[in-house]
Amino acid sequence: MKKRKLKFPFKIISIIILSLTAVFLLVFFSCRYLTTSDYFEVKDSVYFSGRNIFKINLRQEAQKMSRVYSDYKKIVLRRVLPDRIVIDFQPRQAVALLRLSDDFYVDREGVLFRLSRQRQSNSQLPLIIGLGARIPNPRSGAKYNEESLQAILEFINDLKEDKVLSEYIKIQQADLTNINDVILFTSAGCKINLGAIGSPDKDLSILRRLISDIKPDLTTVEYIDLRFREPVVKYR
């Protein structure tokens, strides 16, 4: 029986090698053109003017900008061919003004930041005081998980979202000097003693019940005290 000779497929392999080489050269020269051509050079940009859009590390640049502009929660960069970089800013929403060694805005997550002049508004935010000793070296852009801060932010946020309470209770100041005796001051001149702030849901539920008896005029109330089993309401 004769042995069959195996023919090595030189022709096929040569075609494959030539094809791969052609693809490699095409990719190489395409990349070179994309990264060196003036056609893809950014124009009319404060940050990236004169730079090739394909040489810009979008994620890295976004991280750098986030460190500078702490009043934005998220910054996303996008390429728009042939010569534009679009920057999308997602601003932080201030929940309160926090007075420490300096004044900072604070969002719902407890991130401190300063608002740029363009974003500053006349909206009245609650002022939180009394946390200077517990947050001694505040830094813009940093998140603070201090327990009493997180609790009062949750309270303020939930109060704002409550359709009934938000109409009558406008917090001007929250004093957390004594975490076992948290005091709120409202725009109507009413003082609210929360005691040790723990469960915002429970406190808001009690306030909701009291407001149904007090409304429509909270200015007639000197203070509301929630520190006892039965809440105390003192009228002027």
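Residues numbered from 1 in each chain as written. Predicted model: local features only at pLDDT ≥ 70, side-chain atom pairs only at ≥ 80, totals over all residues. Heavy atoms only, no water.

J.: I tried to follow the side chain of Asp 225 on my own but got confused; where do I start?
T.: Residue placement: Asp 225 occurs in strand S10 (residues 221-225). By relative accessible area, which is 4% here, Asp 225 ends up buried. Reaching out from Asp 225, the side chain makes a polar contact with the side chain of Arg 227 at a distance of 2.6 Å. The contacts of Asp 225, once residues within four sequence positions are left out, are Asn 193, Pro 231 and Val 232. (Helix = DSSP H or I, 4+ residues; strand = E, 2+ residues; numbered from the N terminus. Buried < 20%, exposed > 50% of the residue type's maximum accessible area, 1.4 Å probe, protein only. Polar contact = N/O pair within 3.5 Å; in protein donor to acceptor, adjacent residues only side chain to side chain. Contact = heavy atoms within 4.5 Å.)

J.: Please clarify how the environment of Val 76 should be interpreted in this entry.
T.: Summarising the element assignment, Val 76 is placed in strand S1 (residues 72-80). Considering only alpha carbons, one finds Val 76 and Phe 89, 13 residues apart in sequence, at a separation of 6.7 Å. Once residues lying within four places of it in the same chain are set aside, the contact partners of Val 76 are Val 86, Ile 87 and Asp 88.

J.: Even after reading the chapter, I still don't get the pattern of salt bridges, so can you show me in this structure?
T.: Two side chains that carry opposite charge are able to pair once their charged atoms sit near each other. For the structure on display, the rule yields 12 salt bridges. Notably, a salt bridge pairs Glu 109 with Lys 73, separated by 3.2 Å at the nearest N-O pair. Of this pair, Glu 109 sits in the loop between strand S4 (103-107) and strand S5 (112-113) while Lys 73 sits in strand S1, and the two are 36 residues apart along the sequence. Its salt-bridge partner being Arg 227, residue Asp 181 comes within 3.6 Å of it at the nearest N-O pair. In this pair, Asp 181 sits in the loop between strand S7 (171-175) and strand S8 (182-186) while Arg 227 sits in the loop between S10 and strand S11 (232-235), placing the two residues 46 residues apart along the sequence. A relative accessible area of 40% places Arg 227 in the partly exposed class. The network of salt bridges with shared partners includes Arg 51, Glu 61 and Lys 64. (Salt bridge = Lys/Arg side-chain N within 4 Å of Asp/Glu carboxyl O.)

J.: What am I meant to see in the pairing of S7 here?
T.: Relative to S7, strand S6 (residues 127-129) runs parallel, the two being bridged by 3 bridges. Each bridged residue has a counterpart across the sheet, and for Leu 127 the counterpart in S7 is Gln 173. As paired strands, S7 and S8 are joined by 4 bridges and run antiparallel to one another. Bridge assignment links Ala 174 to a residue of S8, and that residue is Leu 184. (Pairing = 2+ DSSP bridges.)

J.: Could you clarify how one ought to interpret the nonpolar core in this entry?
T.: The nonpolar side chains of a soluble globular protein tend to be buried, and buried together. The biggest cluster of nonpolar side chains holds 40 residues, and the ones touching the most others in it are Ile 128, Leu 149, Ile 152, Phe 155, Ile 169, Leu 184 and Ile 224. Secondary-structure elements contributing two or more residues to this core are strand S3 (94-99), S4, helix H3 (147-161), S7, S8, strand S9 (191-195), helix H5 (200-214) and S10. Excluding residues that lie within four positions of it along the chain, Phe 155 makes contacts with Ile 171, Leu 184, Leu 194, Ile 197, Pro 200, Asp 203, Leu 204 and Leu 207. (Core = buried A, V, L, I, M, F, W, Y, C linked by side-chain atoms within 4.5 Å.)

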